[in-house]
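Examination of the molecular architecture
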Amino acid sequence: MTSELGTEGHPLRVAIIGSGPAGFYTAAHLLKQSDVHVQVDMFDRLPTPFGLVRFGVAPDHQKIKNVTRVFDRIAQQDTFRYFGDVEVGKDISLGELGQHFHQVCFATGAETDRRMEIPGEDLTRSHTATEFVAWFNGHPDYRDHQFDFSAERVAVVGVGNVAVDVARILCRTPDELAQTDIADHALEALSQSKVREITMLGRRGALQAAFTNPEVRELGELVGADINVAPEDVRLDPLSQAELDGTDDDTLQKKMAILEDFAERSREGKERLLTLRFLVSPTELIAGEDGGVRAMRIVRNELVSDGGKLRPRATEQTEELPVDMVFRSVGYRGLPMEGLPFHESWGVIPNEAGRVTDPETGQPVRGMYVSGWIKRGPSGVIGTNKKDGTETAGFMLEDAASSSVLDPANTDPSALEALVRERQPHVVNYADWSRLDELEQSRGEASGRPRVKFTSRAEMRAALDAT
Ligand code: NAP
């Protein structure tokens with residue numbers, strides 16, 4: 001029977017778990033094959049699709065979200081179905097998926113944060129970037145989080161692009177925010193914000209900062225905040241200077257030019273002050289009388305060469321930085337999936353170019369694949385997932401061609417749908433999502449915003465029931 005796999009009468013049935021860019025790009029490559037018939041069913045534990053495009057990309061970076069038009073086109077194909085608000089591992093098990101699909105691909109991203117592992121990390125007013133970003137983007141699981149914007153001084157730990165997003169959103173004026181699709185609750189809270197000083201902290205030097213040039217340049221163009229970098233923070237130590245001299249990568253030269261320009265600027269008297277600091281690490285968060293963050297102890301670092309990489313090493317020099325609120329933005333981590341191996345220290349599902357592998361034998365786990373951040377770790381931009389998803393899909397097709405697939409008992413698409421509906425009567429399909437999408441956009445039109453998001457399942461269900 002499997003010899004005809006991929007024909008019209010016996011299509012390759014694939015489940016993709018996660019509807020972010022990695023999931024969609026994997027689906028795109030599978031569905032564009034002219035010689036193999038593939039049916040993709042995509043599952044997401046949230047009602048709405050697009051993962052980090054909806055819940056990660058900052059609301060003031062609206063253009064980046066246009067990529068959803070590409071995903072829309074993929075979803076319009078009649079060989080694609082979407083099952084939103086269905087959690088694999090809870091509503092339906094991996095074993096059950098194996099009864100309905102030849103292959104299962106996990107594109108579940110990196111859902112949690114790495115920790116700093118310092119005393120005081122869990123004090124009141126110490127938050128993860130994930131919480132804040134998900135909250136201002138209207139993620140249903142985070143809408144009730146509370147952030148105390150009566151805080152005047154905020155530290156953002158980390159100098160990656162997520163830290164930049166966090167700092168920039170804290171600096172935006174109410175007028176700027178009101179033109180975006182930021183969640184209404186966040187618009188209201190941030191419009192009352194008393195935050196005046198935001199300090200971003202990089203544990204290594206300016207040259208090693210993880211942010212990309214367009215993103216850091218934008219920090220010098222903010223209407224509501226002056227940028228501040230101390231000249232000594234952009235003066236390179238000999239190891240970094242040697243690194244810069246020895247590379248022909250002009251993005252590093254440009255990065256330094258941007259930061260040197262910031263260091264030469266004087267304050268213009270804007271409402272907020274955004275400071276970038278380098279070669280410092282938090283060692284402790286200190287509580288005030290109310291039990292919340294009052295200060296952060298930081299240590300000055302120096303760079304040491306370790307196997308060709310420049311790493312931070314603490315010096316004796318410490319300082320107490322007065323801050324009332326902290327956002328930790330030190331990278332994301334993937335979460336394990338029941339029934340699949342997991343690489344604890346890397347936070348990914350072990351794999352070889354997308355084929356899940358058993359860490360004990362090193363052999364592929366039949367029918368199981370990964371794509372995106374759960375495959376390679378939390379790095380790269382949205383477009384990186386195109387190459388990544390295409391790679392995984394290529395191996396899925398290769399394995400299907402050699403019949404190295406699962407052996408599902410029931411490949412009738414309607415049987416799977418019936419099972420899902422039995423488990424989750426509120427399942428959201430793509431037509432439902434398209435209606436929600438239109439409603440959100442029309443709610444936004446009235447106030448000149450790209451959309452006004454639904455931020456709870458109850459709101460979404462009510463809206464769908466009413467149409
Ligand atoms: P990231 O780029 O890996 O940056 C993480 C930052 O945390 C780095 O500065 C890292 O420093 C620092 N860090 C890690 N552990 C630390 C510790 N214990 N103490 C202090 N600092 C620590 O991760 P991200 O910002 O979460 O972004 C994830 C991915 O999404 C990246 O590829 C990013 O470019 C992408 N993204 C892109 C955009 C955009 O294009 N606009 C927006 C958001 C996110 P070290 O370098 O020293 O490790």
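Attention here is on the structure that accompanies the text. For clarity, every value in this text was computed on a predicted model and none was experimentally measured. (Residues numbered from 1 in each chain as written. Predicted model: local features only at pLDDT ≥ 70, side-chain atom pairs only at ≥ 80, totals over all residues. Heavy atoms only, no water.)

As for the site of the ligand
Here is the rule: Note on definitions. A residue lies near a molecule or strand when any single heavy atom of the residue is within 4 Å of it. In protein, a polar contact requires one atom able to donate a hydrogen and another able to accept it; more generally it is a pair of N or O atoms within 3.5 Å, and residues adjacent in sequence count only if both atoms are side-chain atoms. Accessible surface area values rest on a Shrake-Rupley calculation with a 1.4 Å probe, where residue burial reflects the displayed protein chains alone.
Taken together, 20 residues sit near the ligand, with Asn161, Arg203, Arg204, Glu215 and Gly380 positioned nearest. Gly380 has a polar backbone atom sitting 2.7 Å from an oxygen atom of the ligand. Notes on the ligand: free accessible area 920 Å², of which the protein chains cover 81%.

Details of the sheet that holds strand S13 (residues 309-322)
Selection criterion: Strand pairing is defined by DSSP finding a minimum of two bridges between the two strands. Where helices and strands are cited, they refer to DSSP runs of H or I of at least four residues and of E of at least two residues respectively, numbered from the N terminus. As a rule, the C-alpha atoms of each element are fitted with a line to give its axis, helices using only the stretch in contact, and angles between N-to-C directions run from 0 to 180 degrees.
Read across the open sheet, the three strands follow the order S11-S12-S13; overall the sheet is antiparallel. This sheet does not close on itself; its edge strands, each paired only once, are strand S11 (280-287) and S13. When the angles between neighbouring strand axes are averaged without regard to direction, this sheet yields 20°. Judged from the seven bridges that link them, S11 and strand S12 (residues 293-306) form a sheet pairing that is antiparallel.

Notes on the pairing of S13
The pairing of S12 with S13 spans eleven bridges and is antiparallel. Bridge pairing links Val299 to Thr318 in S13. Joining the antiparallel neighbours S12 and S13 is a turn of two residues, in which Gly307 adopts a positive phi near 60°.

Focus: the nonpolar core
Under the convention used in this document: Put simply, a nonpolar core is a bunch of buried Ala, Val, Leu, Ile, Met, Phe, Trp, Tyr and Cys residues held in one set by side-chain atoms that sit within 4.5 Å of each other. Using a 1.4 Å probe on the protein chains alone, a residue whose accessible area is under 20% of its type maximum counts as buried, one over 50% counts as exposed, and one in between counts as partly exposed. Between two residues, a contact is recorded if the distance between any of their heavy atoms is within 4.5 Å.
In terms of nonpolar packing, the biggest core is built from 54 residues, with Phe132, Leu170, Leu190, Met200 and Leu276 touching the most fellow members. When residues in this core are grouped by element, the largest group, seven residues, is from helix H6 (residues 161-171). Phe132 has contacts with Phe147, Phe149, Val166, Ile169, Leu170, Leu190 and Phe327, leaving out every residue within four places of it along the chain. Formed by 39 residues, the second largest nonpolar core is a distinct cluster that contains Val38, Val40, Val57 and Cys105.

So, the sheet that holds strand S1 (residues 12-17)
Overall, mixed pairing links the seven strands, which are arranged S3-S2-S1-S4-S18-S17-S16 in an open sheet. Only two strands of the sheet have a single neighbouring strand rather than two, namely strand S3 (80-84) and strand S16 (351-352). Of the strands in this sheet, S1, strand S2 (38-44), S3 and strand S4 (103-106) are in contact with helix H1 (residues 21-31), which crosses S2 at around 170°.

Looking at unusual backbone geometry
Backbone geometry places Phe50, a non-glycine residue, at a positive phi of 95°. The topology assignment puts Phe50 in the loop between S2 and helix H2 (52-55). The phi dihedral of Arg125 is positive, around 70°, even though this residue is not glycine. Within the fold, Arg125 resides in the loop between strand S5 (112-113) and strand S6 (126-128). Among the residues examined, Arg125 registers a relative accessible area of 13% and is labelled buried.

Notes on the packing of helix H15 (residues 430-445) against helix H16 (residues 457-466)
Note the cut-off: Roughly parallel means an angle under 35 degrees; roughly antiparallel means over 145; roughly perpendicular covers 65 to 115; every other angle is labelled oblique. Under the grouping applied here, Gly and all other residues not named as nonpolar or charged are polar, the nonpolar ones being Ala, Val, Leu, Ile, Met, Phe, Trp, Tyr, Cys and Pro and the charged ones Asp, Glu, Lys and Arg.
At a minimum axis distance of 10 Å, the contact between H15 and H16 shows a crossing angle of 100°. Compared by their axis directions, H15 and H16 come out roughly perpendicular. Contacts between H15 and H16 involve Asp432, Arg435, Leu436, Leu439 and Arg443 from the first element and Glu459, Met460, Ala463 and Leu464 from the second. Of the residues contributing to the contact of H15 with H16, the split by class is five nonpolar, no polar and four charged.

Concerning the packing of aromatic side chains
To keep things clear, this is the line we draw: Whether two aromatic rings pair depends on their centres lying within 6.5 Å, for rings of Phe, Tyr and Trp, where Trp uses its six-membered ring; planes under 30 degrees apart make the pair stacked, over 60 edge-to-face, and the rest tilted.
All chains considered together, the criterion is met by 20 aromatic pairs. Between Phe24 and Phe80, the aromatic rings sit 5.6 Å apart at their centres with planes inclined by 25°, giving stacked as the arrangement. Highlighted residues: Phe24 in helix H1 and Phe80 in strand S3, separated in sequence by 56 residues. For Phe80, a relative accessible area of 6% gives the class buried. For the pair Phe43 and Phe83, a centre-to-centre distance of 5.2 Å together with 20° between the ring planes defines the contact as stacked. Of the two residues, Phe43 is situated in strand S2 and Phe83 in strand S3; the sequence distance between them amounts to 40 residues. You'll find Phe43 and Phe83 in the same group, each marked buried. Aromatic rings pair up to connect Phe24, Tyr25, Phe50, Phe71, Phe80, Tyr82, Tyr430 and Trp433 into one cluster.

Details of the packing of H1 against helix H13 (residues 384-401)
The criterion, for reference: Crossing handedness is read from the near helix: turned anticlockwise from the far helix by less than a right angle, it gives a left-handed crossing, and turned clockwise, a right-handed one.
Between H1 and H13, whose axes approach to 8 Å, the crossing angle comes to 45°. The angle between H1 and H13 falls in the class oblique. When the axes of H1 and H13 are compared, the crossing they make is right-handed. Taken together, the residues of H13 that come into contact with H1 (itself represented by Pro21, Ala22, Tyr25, Thr26, His29 and Leu30) are Asn385, Lys386, Gly389, Thr390, Ala393, Gly394, Met396 and Leu397. Of the residues belonging to the contact of H1 with H13, the class tally is seven nonpolar, six polar and one charged.

Looking at the environment of Pro47
Position of Pro47 among the secondary structure elements: in the loop between S2 and H2. Taking the C-alpha atoms as reference points, Pro47 and Arg423, 376 residues apart in sequence, are found 15 Å from one another. For Pro47, the contacting residues outside a window of four places in its chain are Tyr82, Gly84, Asp85, Val428, Arg457 and Met460.

So, the environment of Gln39
As for its position among the elements, Gln39 is in strand S2. In the structure, Gln39 is positioned 42 residues away from Arg81 in sequence and 8.3 Å away in space, judged by C-alpha atoms. If we ignore the near neighbours within four places in the chain, the residues touching Gln39 are Pro11, Leu12, Arg13, Val14, Thr79 and Pro413.

Topic: helix H8 (residues 184-191)
As a reminder, the rule being used: What the arc describes is the spread of directions from the helix axis to the C-beta atoms.
Where H8 is concerned, the buried positions are Ala186, Leu187 and Leu190. The arc that holds every buried residue of H8, seen down its axis, measures 105°, which confines them to one face. Lining the buried residues of H8 we find helix H5 (129-136), H6 and helix H7 (174-177).

The values reported here are purely geometric and, on their own, carry no functional implication.
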